[in-house]
Every structure is written in structure tokens, then in C-alpha cells.
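Listed below, chain by chain, are the residues.
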Amino acid sequence: MFVMSIWGTSLSLSSRSLAIVLVLCLTLLYFSYSFNACLLASISRSLQQSNLRNLLSLTSTPRNESSSHSSNDSATPAAAAAAPSANNTNTSSSSSSSSNISNVPAAVGIASKYQLLRQPGLRPSRHLPDTLIIGVKKSGTRALLEFIRLHPDVRAAGSEVHFFDRHYQRGLRWYRHHMPYTIEGQITMEKTPSYFVTKEVPQRVYHMNTATKLLIVVRDPVTRAISDYTQAASKKADMKRFEQLAFVNGSYSVVDTNWGPVKIGVYSRYLERWLLYFPLSQLLFISGERLIMDPAYEIGRVQDFLGLKRVVTEKHFYFNATKGFPCLFKSEARSTPHCLGKTKGRNHPHIDPNAIDRLREFYRPFNNKFYQLTGINFAWA
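Residues numbered from 1 in each chain as written. Predicted model: local features only at pLDDT ≥ 70, side-chain atom pairs only at ≥ 80, totals over all residues. Heavy atoms only, no water.

> Describe the state of the cysteines, naming the residues involved and giving the relevant values.
Evaluation of the coordinates by the stated rule reveals 1 disulfide. Here C327 is linked by a disulfide to C339, with a sulfur-sulfur distance of 1.9 Å. Residues C327 and C339 are joined through a disulfide that is right-handed, its torsion about the S-S bond being 90°. Residue C327 is found in strand β9 (residues 325-328), and its partner C339 is found in the loop between β9 and α14 (353-374); the two are separated by 12 residues along the sequence. Here C327 matches C339 in class, with each residue buried. (Disulfide = S-S within 2.5 Å. Helix = DSSP H or I, 4+ residues; strand = E, 2+ residues; numbered from the N terminus. Buried < 20%, exposed > 50% of the residue type's maximum accessible area, 1.4 Å probe, protein only.)

Written out as C-alpha cells, the structure reads:
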């Protein structure tokens, strides 16, 4: 009887212990489930907030565009100040082009390294250019663009946009849409060499931004004319000889100043137009000859002019003796050594030395005037 009592008591205790253990297990399971559910909910909210920030970063508000954009091309800066209401005549053309711009652009077109930048102030967006390479054609503008783009604080449109000379009626919104994405502290740049010689462009650039910095690559106008001709002849097999086009009636006595390659080389005439709107302090003249022989020196000057740290130095360049042109160890697009396109460093055709001498004589007074305007003697023969 006593044994049965003890056994009954043990059985009762075992059942009670089992029940307690079961309750504890269920309690631990409940708390574990609750903790994991809260953790998953928190992670989900974080991901949603991150996606929202990413979307907002792609639609960040661009810098205000100049309200002084005008289609009145006859006014000087002084006249514009006297009649400010005339500066808003192109508002409708700007707004009408807004349909060409996507409200929420996709990540395509943004450099991959900018897709990861989500901090305030580092959100990529498009802006009107701070700096323009306005000319001169066949003087080294493409080389200048490729060299300065090595700098991490410079972002440039890859192709010539021709906004101020061909597409001005499309408005500033259209122009901004063709600019690259930049982050705070970076310079937006565009290159179109025909800007330098187009009559209406100085005023149009002025109305976009009076503080625009202008880069002008210049080269011996005789060599530049021959280079211009060489490029055109490469596209047209039956083109007349240089001497036939550069002079009137086949005689070296009269230079044909209406022929484009000759006309562009009269730099002083075009520069005078630009100086009506911009002071010399906003213009930097780069020697096309020195850009080839010592690119690091000229790019150093450009970096100083733009207020940039000298990042692009001689270590970025090497000279290709075959092309007679500087090449790059790496660039924005390629990490391997390469030269510019095959069109750079073309061999010029043989030109009659008498024709060259006559052209040098023709350009001499215009070159001297250009030296006076710029305060720089380029020592062209």
C-alpha cells in the first residue's frame, strides 16, 4: 500500500513537470515567433524607405535655369539691362520642350558609380553647363575635352550639342536634358567649336549664364586651314586642291576670304563679338600647338582656370611618335592605354610653299590684332 502511494505521487509529479516543461516550450516558441516577425517587419520597412530615397534621388530638382534666356539677338548686355522685359521672350519655347524630358528618368544614363550615392548633396541630376569649349574648329577641341574629362570633377556631354547655333529655339530645358548627370561640386561642360564663329551665340550664352567660363583652343590659322581642308577632302574624293580653293582665280594674289577654312582663321573678328558680352577673365585661350607637345602643361592651366585641383598631370599622357599626337594611359571610358580617334593626327597633303607664304602674309595683321586682344603672343609665323 505504501509503495502504491509513492508510485502515485511520482506519477503525479512527473505529469506536473511535463506540463510545466510543455508550457515553457510553448512560451519560448511564442516569443521566438514574435521576435522574428518584428525583425522581418523592420527589414521590410527599411527596404521600402531605401527604395523611396532612391526614387527621390533620381527626380531631384535641378538648379534654376536663367530667366534671362531671350530670343532677341540684337541687344547688348547694356541694352538688356535697360529693357529687362525683353529677356523673357523665349519662355514659351522653353516650356513647350518640357514634354521631351521624362519625369522620372531610369538609372540608364547615370554612371554606375553615381547610382550608389544616396547622401544629401550627392544626388545626380542634370544642369546647364558651367563651362563651354566654344572653338576653334580643327585646333584641338576634341583633345582638350578628352584630356580634361580625366578629372573626376568634370562631366561633359559626349557629343557636340549645337544648341546655341542650331537648336536654340528648343529652349533651355531641351539643352539641359542633353547634359550629363552630375553631383554637387562637379562641373558640367559642353563642346561645340562652331559656337566661336556663329554671330548670335555670344549673346545667347550670355543670357543663359553671365558667369559661363569659355575655353578657346587656337592654332596657327594656316595650319588650321590645311587641317580643315584635309578633313573635308577625306570625305570627298573629287575635292579640288587646297590652292584652288584658298585663292581667287587660281592666283595667289587674292585670298578667298569667303571659303570657310580661310575665314575661320581670322580669330580677332570673332573674338571681338565675344568681348562685347564676356570679360577676358572668363575666357581661357589654349595653344593648340602646345596642347600636342605638352598636354600636361595646358591641362594644368585649364584646371587652374576652372578652380580645380591639379589631378590630371603628365602621368596620364604618352606621346605616339607614329601619329605625332599625345595619347592617354587611361580615360573616363577606357582603363587601357589608347589614342584618340583615327581622324586625329592625319597626314596633311603637300601644299605649295608659295601658297603657304601668301596665307601667312594675309593672316599676319589679324594675328597681331588677336595678340593685342588676348594679351598673348602665340608666335605664329
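> Summarise the sheet that holds strand β7 (residues 283-287); cite the residues concerned and give the values.
The 5 strands lie next to each other as β3-β5-β2-β6-β7, forming an open sheet whose pairing is parallel. This sheet does not close on itself; its edge strands, each paired only once, are β3 (154-156) and β7. For this sheet, the mean angle separating the axes of adjacent strands, direction not counted, is 25°. Two strands pair when backbone bridges link them, and strand β2 (residues 131-135) and strand β5 (residues 187-191) are joined in this way by 3 bridges, in the parallel orientation. Note on β5: the bridge partner recorded for T131 is M189. On top of the sheet, helix α5 (residues 141-148) reaches β2, β3, β5, β6 (213-218) and β7; it is set at about 160° to β5, its chief contact. Along the sheet face, helix α13 (residues 295-305) touches β6 and β7 and points at about 175° away from the line of β7. (Pairing = 2+ DSSP bridges. Axes fitted to C-alpha atoms, helices over the stretch in contact; angles between N-to-C directions. Contact = heavy atoms within 4.5 Å.)

> Just give me the short version of the packing of helix α11 (residues 267-275) against α14, but keep the residues and values in it.
Viewed as axis vectors pointing N to C, α11 and α14 meet at an angle of 30°, and their least axial separation amounts to 8 Å. It follows that α11 is roughly parallel to α14 by the angle criterion. Packed against α11, whose contacting residues are Y267, S268, R269, L271, E272 and L275, the element α14 presents F366, K369, F370, L373 and T374 at the interface. Its residues assigned to classes, the contact of α11 with α14 shows 6 nonpolar, 2 polar and 3 charged. (Parallel < 35°, antiparallel > 145°, perpendicular 65-115°, else oblique. Nonpolar A, V, L, I, M, F, W, Y, C, P; charged D, E, K, R; others polar.)

> I'd love a proper account of the environment of R219, names of residues and values included.
Its place among the elements puts R219 in the loop between β6 and α8 (221-233). Looking at R219, the relative accessible area reads 16%, which means it is buried. In this structure the C-alpha to C-alpha distance between R219 and S287, which are 68 residues apart in sequence, comes to 6.2 Å. Sequence-distant contacts of R219, defined by excluding residues within four places in its chain, comprise K138, S139, R224, S227, Y267, E289, H348 and W380. At a separation of 2.7 Å, a polar atom in the side chain of R219 contacts the main-chain carbonyl oxygen of K138. (Polar contact = N/O pair within 3.5 Å; in protein donor to acceptor, adjacent residues only side chain to side chain.)

> An account of the pattern of salt bridges is requested, with residue identities and associated values reported.
Taken as a whole and judged by the stated rule, the model has 10 salt bridges. Its salt-bridge partner being R149, residue E146 comes within 3.4 Å of it at the nearest N-O pair. We classify R149 as buried; its relative accessible area is 15%. Here the salt bridges do not stand alone but share partners, grouping K137, R224 and D228 into one network. (Salt bridge = Lys/Arg side-chain N within 4 Å of Asp/Glu carboxyl O.)

> Describe in detail the packing of aromatic side chains, supporting the description with residues and values.
Evaluation of the coordinates by the stated rule reveals 27 aromatic pairs. Centre to centre, the rings of F163 and F164 are 4.9 Å apart; their planes meet at 70°, and the pair counts as edge-to-face. F164 matches F163 in its accessibility class, with the two residues each being buried. One aromatic cluster is present, formed by F163, F164, Y168, W174, Y175 and Y195 through successive ring pairs. Its guanidinium or amino end placed over the ring of F305, K213 lies 5.2 Å from that ring's centre, counting from NZ or CZ. One Lys or Arg, R290, reaches over the ring of Y297 and ends 3.7 Å from the middle of that ring. (Phe/Tyr/Trp six-rings, centres within 6.5 Å; stacked < 30°, edge-to-face > 60°. Lys NZ or Arg CZ within 6 Å of the ring centre and 35° of its normal.)

> Give me the nonpolar core: which residues, what numbers.
Residues F163, F164, Y175, F196, W274 and F370 are the most contacted members of the largest nonpolar core, which totals 36 residues. Broken down by secondary-structure element, the contributors of at least two residues to this core are β2, α6 (172-177), α7 (201-208), β6, α11, β7 and α14. Discounting residues that sit within four places of it in the chain, F164 has contacts with L132, Y175, Y195, V201, R204, V205 and M208. Counting residues in hydrophobic clusters, the runner-up holds 27 residues, among them A143, I187, A296 and F305. (Core = buried A, V, L, I, M, F, W, Y, C linked by side-chain atoms within 4.5 Å.)

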